[in-house]
Amino acid sequence: MRNEIPIDKLGIPVMNQVFVKITDIEDSFKTKGGIIAKSDFVPEAWSNSEGHSVTDFIARSGVVAAIPKIITSHGYDYETECEIQVGDTVFWSIGSFESCSVLVCSGEKFLSINYHKLLIRERDGDILPLNGNVLLTSVSKVRTALSYTVTDKLSNLWDICQMPEKIPVSKIPRRNGEMYWEVGDRVIISVNQSAMKIEGDINKSLDKELYCVPWHFILCDTEK
Amino acid sequence: MKIRALLLAATRLESKQKEKVTLSGIIIPLGVAAHSNIPLKGRVEHIGPGITGAPMEVEVGENVYYKKDAIIVEVDGMDLLDQSMLIQIESEE
């Protein structure tokens, strides 16, 4: 990967950085016939968002190898706590690579990623959203015109799959408040926002397609 | 030595940028601009007070790793850099 930094021994990260061991940089996948193909054969395999060009093959998950001494709110508008520990599998969005460094230690690659950019953690098979994010599954919408039926995979409706354990305290007072919604509720998120997809279309490890948004993006619930 | 909030001053302990040894044993001297990704190791001598929401996470006496381009200026034989440019703190294990 680009800009690799060789180090002798893994130490303690600072400034909210978390060292995550990358086992799969996801630059290829195996077809059903056993052919190993490069990821760029699958259209927008790792972008999954409009206007994003696939110029690099980016991992979206890894195992936590080191955590900082403290988690601070530096640069972010909310106070939160560290909800991960060494050994957890964490996931982050594809847009989280702006300020990441790749450390190479004893032939293994570690990504230094900001704790605030982590979306969910997986521990002993249990998934928990981090940093006040809410896990959602998409609700498809069927549109009919004349004799044609089109099914939109994504719509403005989402089903809540998992709630965070801890809600960060925002420095913007209007974003704080009670959590009215529960797992299973069908909700509408803020009009100008879109949910972040947890995994790409290939090399998936989770059993369902998950999305997440910060909890204050949820506008209201609606009937199913 | 008084330093601004999130800065620290470190005495360089070792610099692996001086040279590189190939598999066959050839020693290649590295230029200043070469291999800028190889981290430097330094011992923290002075630290700033930190700011609200971003305290100093390093303490005087700890060994830290940083890249050459993280150095703001050299003062009294020490490298002055921002805490955010650190790669890691050396652990005692």
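All figures in this text were calculated on a predicted structure; none of them were measured in a lab.

Peer 1: Which residues make up the overall build of chain A, and what values do they have?
Peer 2: Check the secondary structure of chain A and you find zero helices and 20 strands. In chain A, which comprises 224 residues, the share counted as buried stands at 44%. In chain A, 70% of the contacts between residues at least 6 apart in sequence involve partners at least 24 apart. Of the roughly 12000 Å² that chain A leaves accessible, carbon and sulfur atoms contribute 49%.

Peer 1: Residue-level account of the overall build of chain B, with values.
Peer 2: Along chain B, the regular secondary structure elements total zero helices and eight strands. Tracing chain B from N to C terminus, the helices and strands come up as β-β-β-β-β-β-β-β. Relative to its full complement of 93 residues, chain B shows a buried share of 43%. In chain B, once contacts between residues fewer than 6 apart in sequence are set aside, the share between residues at least 24 apart is 61%.

Peer 1: Now, about the confidence of the model for chain B: what can you tell me, with residues and values included?
Peer 2: Residues and elements named next belong to chain B. Averaged over every residue, the pLDDT of chain B is 83; residues scoring 70 or more account for 83%. Within chain B, the lowest mean pLDDT, 68, falls on strand 2 (residues 19–21), and the highest, 93, falls on strand 8 (residues 86–89). Overall fold confidence (pTM) sits at 0.81, and the ipTM for the predicted complex is 0.76.

Peer 1: Outline the sheet that holds strand 12 (residues 133–138) of chain A, listing residues and values.
Peer 2: All names here are of chain A. The six strands are arranged 18-19-12-15-17-20 in an open sheet whose pairing can be described as antiparallel. Strands with a single pairing partner mark the edges of an open sheet, and in this sheet they are strand 18 (196–197) and strand 20 (218–222). The pairing of strand 17 (residues 186–189) with strand 20 spans four bridges and is antiparallel. Following the sheet pairing, Val187 is matched in strand 20 by Asp221.

Peer 1: Summarise the sheet that holds strand 7 (residues 89–92) of chain A; cite the residues concerned and give the values.
Peer 2: Residues and elements named next belong to chain A. On the basis of which strands lie adjacent, the open sheet formed by eight strands has the order 1-8-9-2-5-7-10-11 and mixed pairing. With one partner strand each, in any of the chains shown, strand 1 (4–6) and strand 11 (126–129) form the two edges of the open sheet. Here the average twist between neighbouring strands, direction ignored, is 35°. Pairing between strand 10 (residues 118–123) and strand 11: four bridges, direction antiparallel. Bridge assignment links Glu122 to a residue of strand 11, and that residue is Ile127.

Peer 1: Which residues make up the interface of chain B and chain A, and what are the values?
Peer 2: The interface of chain B with chain A comprises 21 residues on the first partner and 22 residues on the second. For the pair chain B and chain A, the two sides together bury roughly 1800 Å², of which 56% comes from carbon and sulfur. Linking chain B to chain A there are six residue pairs in polar contact (both at pLDDT 80 or more). Split into classes, the residues belonging to the side of chain B that touches chain A amount to 10 nonpolar, six polar and five charged.

Peer 1: Any details on the environment of Phe217 of chain A? Residues and values, ideally.
Peer 2: Position of Phe217 of chain A relative to the elements: it lies in the loop between strand 19 (211–214) and strand 20. By relative accessible area, which is 18% here, Phe217 of chain A ends up buried.

Peer 1: Give me the lowdown on the environment of Ala5 of chain B, citing residues and values where you can.
Peer 2: Residue and element names in this part refer to chain B. Structurally, Ala5 can be placed in the segment before strand 1 (7–15). As for Ala5 and Pro49, which are separated by 44 residues in sequence, their C-alpha atoms are 5.0 Å apart. Residues contacting Ala5, with those up to four places away along its chain left out, are Gly48, Pro49, Gly50, Ile51 and Met56.

Peer 1: Break down unusual backbone geometry for me, with residues and values.
Peer 2: Residues and elements named next belong to chain A. Phi angles above zero are rare outside glycine, and Asn131 is one such case at about 55°. The topology assignment puts Asn131 in the loop between strand 11 and strand 12. A positive phi angle, near 55°, is found at Leu146, a position not held by glycine. Structurally, Leu146 is set in the loop between strand 13 (141–145) and strand 14 (148–152). By relative accessible area, which is 85% here, Leu146 ends up exposed.

Calculation criteria
- Residues numbered from 1 in each chain as written.
- Chains lettered and ligands numbered in written order.
- Predicted model: local features only at pLDDT ≥ 70, side-chain atom pairs only at ≥ 80, totals over all residues.
- Heavy atoms only, no water.
- Helix = DSSP H or I, 4+ residues; strand = E, 2+ residues; numbered from the N terminus.
- Buried < 20%, exposed > 50% of the residue type's maximum accessible area, 1.4 Å probe, protein only.
- Contact = heavy atoms within 4.5 Å.
- Areas by Shrake-Rupley, 256 points an atom, 1.4 Å probe, with all protein chains shown as cover.
- pLDDT = per-residue confidence, 0-100.
- Pairing = 2+ DSSP bridges.
- Axes fitted to C-alpha atoms, helices over the stretch in contact; angles between N-to-C directions.
- Buried area = accessible area lost by both parts, 1.4 Å probe.
- Polar contact = N/O pair within 3.5 Å; in protein donor to acceptor, adjacent residues only side chain to side chain.
- Nonpolar A, V, L, I, M, F, W, Y, C, P; charged D, E, K, R; others polar.

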